[in-house]
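# Inside the fold
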Amino acid sequence: MNIITWLVLMLVVLFGTTANLSLKYGLHISSHTKGASASIQNLLLSRYFWIWFVCYTFMTILWLYVLRTIPLSQAFPVLGLMYAFVPIASHYLLKEQVVFSQWLGISIIITGVILVVN
């Protein structure tokens with residue numbers, strides 16, 4: 001795997017992480033309005049929904065490039081980094097609680113990805 005492909009794959013992970021965080025934050029903000037239809041409308045009009053949409057669009061396009069250049073058996077496990085990055089980012093940015101067992105799981109995921117990539 002060359003450095004450009006590795007960077008593109010990491011962009012896929014970062015776009016996916018950003019997309020998940022922005023959608024969660026957008027849902028949190030829109031849930032403070034009265035009525036379900038009002039909250040859905042607020043979500044669709046919020047910048048966080050559009051950040052989610054743009055990130056997932058770019059993520060999908062970049063993922064197509066990755067699939068053409070890296071064996072799926074190597075590329076797909078790297079996507080598992082999102083399972084590590086999302087809780088870490090939500091802990092620091094959304095102030096969500098991450099308990100010891102989650103930190104342990106995150107470290108196992110990162111170790112597993114390192115083993116698969118090498």
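Going by the structure above, here's the rest.
Residues numbered from 1 in each chain as written. Predicted model: local features only at pLDDT ≥ 70, side-chain atom pairs only at ≥ 80, totals over all residues. Heavy atoms only, no water.

Attention shifts here to the nonpolar core. If you look at the biggest cluster of nonpolar residues, it comprises 16 residues, and the most contacted ones within it are V12, W63, V66 and V78. Broken down by secondary-structure element, the contributors of at least two residues to this core are helix 1 (3-30), helix 3 (47-69), helix 4 (72-79) and helix 5 (81-93). By residue number, the principal contributor to this core is helix 1, which donates five residues. Setting aside residues up to four positions removed in sequence, V12 forms contacts with M59, L62, W63, V66 and L79. (Core = buried A, V, L, I, M, F, W, Y, C linked by side-chain atoms within 4.5 Å. Buried < 20%, exposed > 50% of the residue type's maximum accessible area, 1.4 Å probe, protein only. Helix = DSSP H or I, 4+ residues; strand = E, 2+ residues; numbered from the N terminus. Contact = heavy atoms within 4.5 Å.)

This paragraph deals with the packing of helix 3 against helix 4. Pairs of packed helices are described in terms of their axes, by the angle between the two and the distance that separates them. Running from amino to carboxyl end, helix 3 crosses helix 4 at an angle of 145 degrees, the nearest separation of the two axes being 8 Å. At the point where helix 3 passes helix 4, the crossing takes the right-handed sense. Residues W63, V66 and L67 of helix 3 pack against L72, A75, F76 and L79 of helix 4. Among the residues forming the contact of helix 3 with helix 4, the class breakdown is seven nonpolar, no polar and no charged. (Axes fitted to C-alpha atoms, helices over the stretch in contact; angles between N-to-C directions. Left-handed = near helix turned anticlockwise from the far one by under 90°. Nonpolar A, V, L, I, M, F, W, Y, C, P; charged D, E, K, R; others polar.)

Look at helix 5 against helix 6 (residues 100-117): their axes get within 8 Å of each other, and the N-to-C directions meet at 140 degrees. If you check the angle between helix 5 and helix 6, you find them oblique. Classified by chirality, the crossing of helix 6 by helix 5 is left-handed. On helix 6, the residues touching L81, Y83, A84, P87, I88, H91 and Y92 of helix 5 are W103, I106, I109, I110 and V113. Taken together, the residues of the contact of helix 5 with helix 6 sort by class into 11 nonpolar, one polar and no charged. (Parallel < 35°, antiparallel > 145°, perpendicular 65-115°, else oblique.)

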